[in-house]
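# Reading the structure
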Protein chains: 2
Amino acid sequence: MQDRAPMSIQLFHRLISYLRHMKQLPPTQETVSSTTIATALGINDVQVRKDLALVSDKGRPKIGYALKDLIVDTERFLWTDSCRDAFIVGAGNLGKALVSYKNFAQYGIKIVAAFDCNPSLIGTKIGDVQVVDSKKLANLCERMNIHIGVITVPAEAAQETCDELVKGGVRAIWNFAPVNLQAPDHVVVRNEDMAASLAMLARMLDESLMKYGM
Amino acid sequence: MQDRAPMSIQLFHRLISYLRHMKQLPPTQETVSSTTIATALGINDVQVRKDLALVSDKGRPKIGYALKDLIVDTERFLWTDSCRDAFIVGAGNLGKALVSYKNFAQYGIKIVAAFDCNPSLIGTKIGDVQVVDSKKLANLCERMNIHIGVITVPAEAAQETCDELVKGGVRAIWNFAPVNLQAPDHVVVRNEDMAASLAMLARMLDESLMKYGM
């Protein structure tokens, strides 16, 4: 429908939830409408109609969209078509969990190597993914033209890891370490602070307890 | 300063980054100002001043805030004082990573038990945390008065897990499975879709490549 323009986080998350909903529908279902999606997800249906109009112009009044087509169009709208390779640094439990996570492929992203400085991990495999010595990080980023790096090392090693990724030409960093990283302006950093997320949930819980009672 | 009111996600994330920044400052530093925080984090300093005014009224013109006091006040503003107990369901790599994550305690949250249906995991320990049979989930939630549940089971088991948590009286669910959960209105659900987060980063990367070139 349109060229890639900056998309708000809110729109992005709504589209993801529509996509999830559509994929959970029975395979026999042929059409889907903004109203049924809105009802199922408890979202305002004007909002859903507006969002879907960005994604596809194939909606028909009173009928809605062909389900399969809308799934394809939503995915195309959300993701770049080409598959992207990423490196992950830190092969502990979280690194292992992310490497094993099957859904990345579905979203067009592939973790092609894991890095660690622990000699007992170097040379092992997580599924199909080799664990490589962290010393080779910058060099391999450059040689393999990797643009995405995921940091799952402890806090104290995160800045150094970030520096190596930047040195290797990485342009987007997904950081799980609970520190603010210093990176040049042309590098996108997305922080994933697990503890803060859970704490945010605890706050939302307080608000819900106030609203609905214990 | 004020009673707990609903807080925007944006404010929440800004406060978290101020807190991280303050904790990374050298321990010899005695004061901190909205201007220095704004400069270090590349945020507008009017915004920082406004945010900090919500957190503390102890700022002094030209001097700023006593660093230690501002850390304590920010933490108090962000988290409830009491420690909260949570259950996690799914003791795979991600479950293990979350249980082992040290920062939850710092934010006032404690994962007190993990649940799994895999007989080879039941009875084992992750650090200090016991892995318990999932069959006991609802019952133990109720008996131990647990309000927070974390779901790290595969997609196909997520709804059933959610139902059990709700049955046990859980009021806030942190869901890592890539499905839309059905939960009653009085239960807060926070979805953590890892693949979507990484895909969002890939989109931000596209935008950065357009802006700054390859």
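The shown structure was predicted, so the numbers you read here are calculated from the model rather than taken from an experiment. Counting restarts for each chain: residues are numbered from 1 in the order of the written sequence. Chain labels run from A onward and ligand labels from 1 onward, assigned in the order the entries are written. Thresholds applied to this predicted model are a pLDDT of at least 70 for local features of residues and 80 or more for the giving and counting of side-chain atom pairs; totals over whole chains, interfaces and linings are not thresholded and use all residues. Side-chain calculation: all heavy atoms of the structure are included, whereas hydrogens and water are not.

### Thoughts on helix α4 (residues 67–78) of chain A
Relative to the 16 Å expected for 12 residues at 1.5 Å per residue, α4 of chain A spans 16 Å between its end C-alpha atoms, a close match to the ideal helical length. Among all positions in α4 of chain A, only L67, L70, I71, D73, T74, F77 and L78 of chain A are buried. Packed against the buried residues of α4 of chain A are α1 (9–24), β1 (31–32), α3 (45–55) and β2 (65–66) of chain A together with α9 (194–212) of chain B. Comment: elements are numbered from the N terminus, with helices defined as DSSP H or I runs of at least four residues and strands as E runs of at least two. To estimate the expected span of a helix, subtract one from its residue number and multiply by 1.5 Å. Classification of residues uses two cut-offs on accessible area relative to the type maximum, computed with a 1.4 Å probe and protein chains only: under 20% is buried, over 50% is exposed, and between them is partly exposed. The contact criterion used throughout is that any non-hydrogen atoms of two residues lie within 4.5 Å.

### Points about the environment of H13 of chain B
Residue and element names in this part refer to chain B. Mapped onto the secondary structure, H13 falls in helix α1 (residues 9–24). Taking relative accessible area as the criterion, H13 reaches 39% and is therefore assigned partly exposed. A C-alpha to C-alpha distance of 16 Å links H13 and S34, two positions 21 residues apart in sequence.

### Comments concerning the interface of chain A and chain B
Counting residues at the interface gives 67 residues for chain A, matched by 67 residues for chain B. A combined buried area of about 6400 Å² lies between chain A and chain B, and 64% of that area is made up of carbon and sulfur atoms. Salt bridge criterion: a side-chain nitrogen from Lys or Arg within 4 Å of a carboxyl oxygen from Asp or Glu. The tally of links from chain A across to chain B stands at two salt bridges. The residue R20 of chain B makes a salt bridge to D193 of chain A at a minimum N-O spacing of 2.8 Å. Buried area is a sum: the accessible area each of two parts loses on coming together, probed at 1.4 Å, counted once for each and added.

### Topic: the relation of the copies chain A and chain B
We place the copies in one frame by least squares, fitting the C-alpha atoms of every residue whose pLDDT is at least 70 in both. Mapping chain A onto chain B calls for a rotation angle of 180° and an axial translation of 0.0 Å; the resulting RMSD is 0.0 Å. The relationship between the two copies is best expressed as a two-fold rotation axis.

### Examining the packing of helix α3 (residues 45–55) of chain B against helix α4 (residues 67–78) of chain B
Geometrically, a packed helix pair is captured by the angle between its two axes and the distance between the axes. Residues and elements named next belong to chain B. Where α3 meets α4, the axes come as close as 9 Å, and the angle between the chain directions of the two elements is 75°. Classified by the interaxial angle, the pair formed by α3 and α4 is roughly perpendicular. Across the interface between the two elements, L52, L54 and V55 from α3 touch L70, D73, T74 and F77 from α4. Note on residue categories: nonpolar means Ala, Val, Leu, Ile, Met, Phe, Trp, Tyr, Cys or Pro, charged means Asp, Glu, Lys or Arg, and polar means any other residue, Gly included. When the residues that make up the contact of α3 with α4 are grouped by side-chain class, the tally is five nonpolar, one polar and one charged. Angular values range over 0 to 180 degrees, each being the angle between N-to-C directions of two axes fitted as lines to C-alpha atoms, with helices fitted over their stretch in contact. Working definition: roughly parallel below 35 degrees, roughly antiparallel above 145 degrees, roughly perpendicular at 65 to 115 degrees, and oblique for all remaining angles.

### Some thoughts on the packing of α1 of chain A against α3 of chain A
Residue and element names in this part refer to chain A. It is the contact of α1 with α3, at a shortest axis distance of 11 Å, that shows an interaxial angle of 90°. Classified by the interaxial angle, the pair formed by α1 and α3 is roughly perpendicular. From α1, L11, R14, L15 and Y18 reach across to α3, where they touch Q47, V48, D51, L52, L54 and V55.

### Some remarks on the domain arrangement of chain A
Domain start and stop positions are those given by an automatic or database domain assignment. Domain parsing of chain A yields domain 1 (9–78) and domain 2 (84–196). For domain 1 of chain A and domain 2 of chain A, the distance between their C-alpha centres works out to 33 Å.

### Describing the nonpolar core
Here, the term nonpolar core denotes a set of buried Ala, Val, Leu, Ile, Met, Phe, Trp, Tyr and Cys residues that are joined through side-chain atoms within 4.5 Å. Judged by nonpolar contacts, the single largest core of 110 residues is most densely connected at F104 and M194 of chain A together with F104 and M194 of chain B. Residues in contact with M194 of chain B, not counting those within four places in the same chain, are L98, Y101, F104, W174, F176 and M194 of chain A together with L94 and F176 of chain B.

### Focus: the pattern of salt bridges
All names here are of chain B. In the structure shown here, the tally under the stated rule is 14 salt bridges over all chains. For the salt bridge of K167 with E164, the shortest nitrogen-to-oxygen distance reads 3.5 Å. Here K167 pairs with E164, and both are found in helix α8 (residues 155–167), just three residues apart, close to one helical turn. In this structure K167 comes out as exposed when scored by relative accessible area, which is 60%.

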